[in-house]
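Structural features, examined
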Number of protein chains: 2
Amino acid sequence: MAKRPVTIPDSELDVLKVLWDREKATVREVLESLRLVGREWSYATVATLLDRLETKGVVTSDRSELAFVYRPAITAHEVQQKRVKSLVEKLYQGEPGLLVLHLLKSHPLDAKQASEVRAILDDMTKMPDPNNA
Amino acid sequence: MAKRPVTIPDSELDVLKVLWDREKATVREVLESLRLVGREWSYATVATLLDRLETKGVVTSDRSELAFVYRPAITAHEVQQKRVKSLVEKLYQGEPGLLVLHLLKSHPLDAKQASEVRAILDDMTKMPDPNNA
DNA sequence: CGTATCCTAAGACAACTGTCGTCACGTCGT
DNA sequence: ACGACGTGACGACAGTTGTCTTAGGATACG
């Protein structure tokens, strides 16, 4: 039956982001958070999106309170991983390095980030194989 | 009428990539290129995708030969820009630097790429504003 | 208890995607 | 001239996404 891979479309991602921020929330709370960010959705829309997310298994709900309380079941990090991986495969020949280069060429880093990058690079080249006996 | 933004779904991207590689191609040529990469689509499917791409204005066609010859009307670079921008906005708070850090942390660069990155960083910090009088 | 509220469930619906089937048409070899 | 064949236009169809309406159940409060 080969279940198709779980995808998270943009509108669902918007509600998921609220859950990441708030840790947990009811439909209404999500709705209000989204209002603050300019997303004017109806209550039903938000409910549908949460429902779809739950069906996909990326959020959980529990009904100890009056209304269902939803929580994220995956981390932002996981979603980032997947999206980046897919982007790199689709447009950068599976070479993350190409994307890095592209990013650096088009967007200057601030000083703090630049030094972080340097640190990482140094680590990387200093000890090529820390696990080797 | 606010026409919705041009999006290029994955399957269309696959055919567009062939056009980027070959510079120009007929439906049948695209079909064959895709076969080589493991994409077993019917002729009609490829034709539909090219048609949709043309409607969106991202490829052009000309019929000097027997069959239409399609050419890309946007560059891979443009598509990369858009996709990356959107990814950064959606998952990295609009901070390209965060994505760079993320990439470097999870994927080691090879030596060549690493030195390229260093070079770019050096340029960046050495002369913050080369255009300034 | 009666009713104003809030909540969920169900489903509707158009647009977009992924994938084709076909039919009519021009072309090419015989 | 004729038939085999490649081509493109048209359209179909299910699944996904974006968004909402509404009906019906639980709650809370006078």
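What counts and how
- Counting restarts for each chain: residues are numbered from 1 in the order of the written sequence.
- Think of it this way: whatever chain is written first is A, whatever ligand is written first is 1, and the rest follow in order.
- This being a predicted model, a pLDDT of at least 70 is required before a residue's local features are given, and a value of 80 or more before pairs of side-chain atoms are given or counted; all residues contribute to the totals for chains, interfaces and linings.
- To obtain the side-chain values, all non-hydrogen atoms of the structure were used and water was disregarded.
- In this text, near means that some heavy atom of the residue lies within 4 Å of the molecule or strand in question.
- Any N or O atom pair separated by 3.5 Å or less is treated as a polar contact, with the protein-specific requirement of one donor-capable and one acceptor-capable atom, and with residues adjacent in sequence counted only for side-chain atom pairs.
- Note on conventions: DSSP H or I runs of at least 4 residues are helices, E runs of at least 2 residues are strands, and numbering of each starts at the N terminus.
- Gly is placed with the polar residues, together with every amino acid not listed as nonpolar (Ala, Val, Leu, Ile, Met, Phe, Trp, Tyr, Cys and Pro) or charged (Asp, Glu, Lys and Arg).
- Superposition of the copies used a least-squares fit over C-alpha atoms from residues whose pLDDT is at least 70 in both.
- It only takes one pair of heavy atoms within 4.5 Å for two residues to be counted as in contact.
- The salt bridge criterion pairs a side-chain nitrogen of Lys or Arg with a carboxyl oxygen of Asp or Glu, the two atoms within 4 Å.
- For the exposure calls, accessible area comes from a 1.4 Å probe over protein chains only, and a residue counts as buried if that area is under 20% of its type's maximum, exposed if over 50%, partly exposed in between.
- Stacked, edge-to-face and tilted are the three classes for Phe, Tyr and Trp ring pairs, Trp counted by its six-membered ring, which pair at centre distances within 6.5 Å; planes under 30 degrees apart are stacked, over 60 edge-to-face, the rest tilted.
- Geometrically, a lysine NZ or arginine CZ counts as sitting over a ring once it is within 6 Å of the ring centre and also within 35 degrees of the ring normal.

Before going further, it helps to examine the protein's contact with DNA strand C. Around DNA strand C there are 20 residues in total, and Arg28(A), Arg4(B), Thr7(B), Ser11(B) and Thr48(B) lie nearest to it. Taken together, the sugar and phosphate atoms account for 72% of what DNA strand C places within 4 Å of the protein. Between DNA strand C and the protein, one listed contact pairs a phosphate oxygen with a side-chain N or O atom of Thr7(B) at 2.5 Å. Between DNA strand C and the protein, one listed contact pairs a phosphate oxygen with a backbone N or O atom of Ser42(B) at 3.3 Å. At five residues, helix H3 (residues 43-55) of chain B tops the list of elements feeding residues into the surface near DNA strand C. Here the surface near DNA strand C is composed, by residue class, of eight nonpolar, six polar and six charged.

This next bit is on the relation of the copies chain B and chain A. Turning chain B through 180° and shifting it by 0.0 Å along the axis lays it on chain A, with an RMSD of 0.1 Å. On this basis, the relationship between the two copies can be described by a two-fold rotation axis. Closest approach to the rotation axis among the C-alpha atoms of chain B is made by Val100(B), whose C-alpha sits 2.9 Å away. Most of the interface of chain B is mirrored in chain A, where 100% of its interface residues are also at the interface.

Residues and elements named next belong to chain B. If you walk through the whole model with that rule in mind, you get 16 salt bridges over all chains. Here Glu-29 makes a salt bridge to Arg-22, at a shortest N to O gap of 3.9 Å. Classification of Glu-29 by relative accessible area gives partly exposed; the value is 29%.

Next up on the list: the packing of aromatic side chains. Residues and elements named next belong to chain A. Per the counting criterion, the structure on display carries two aromatic pairs over all chains. Between Phe-68 and Tyr-70, the ring centres sit 6.2 Å apart and the planes meet at 50°, which makes this aromatic pair tilted. A relative accessible area of 34% means that Phe-68 is categorised as partly exposed. On the basis of relative accessible area, Tyr-70 is assigned to the buried category, the value being 6%. Its end group placed over the ring of Phe-68, Arg-63 keeps NZ or CZ at 4.6 Å from the ring centre.

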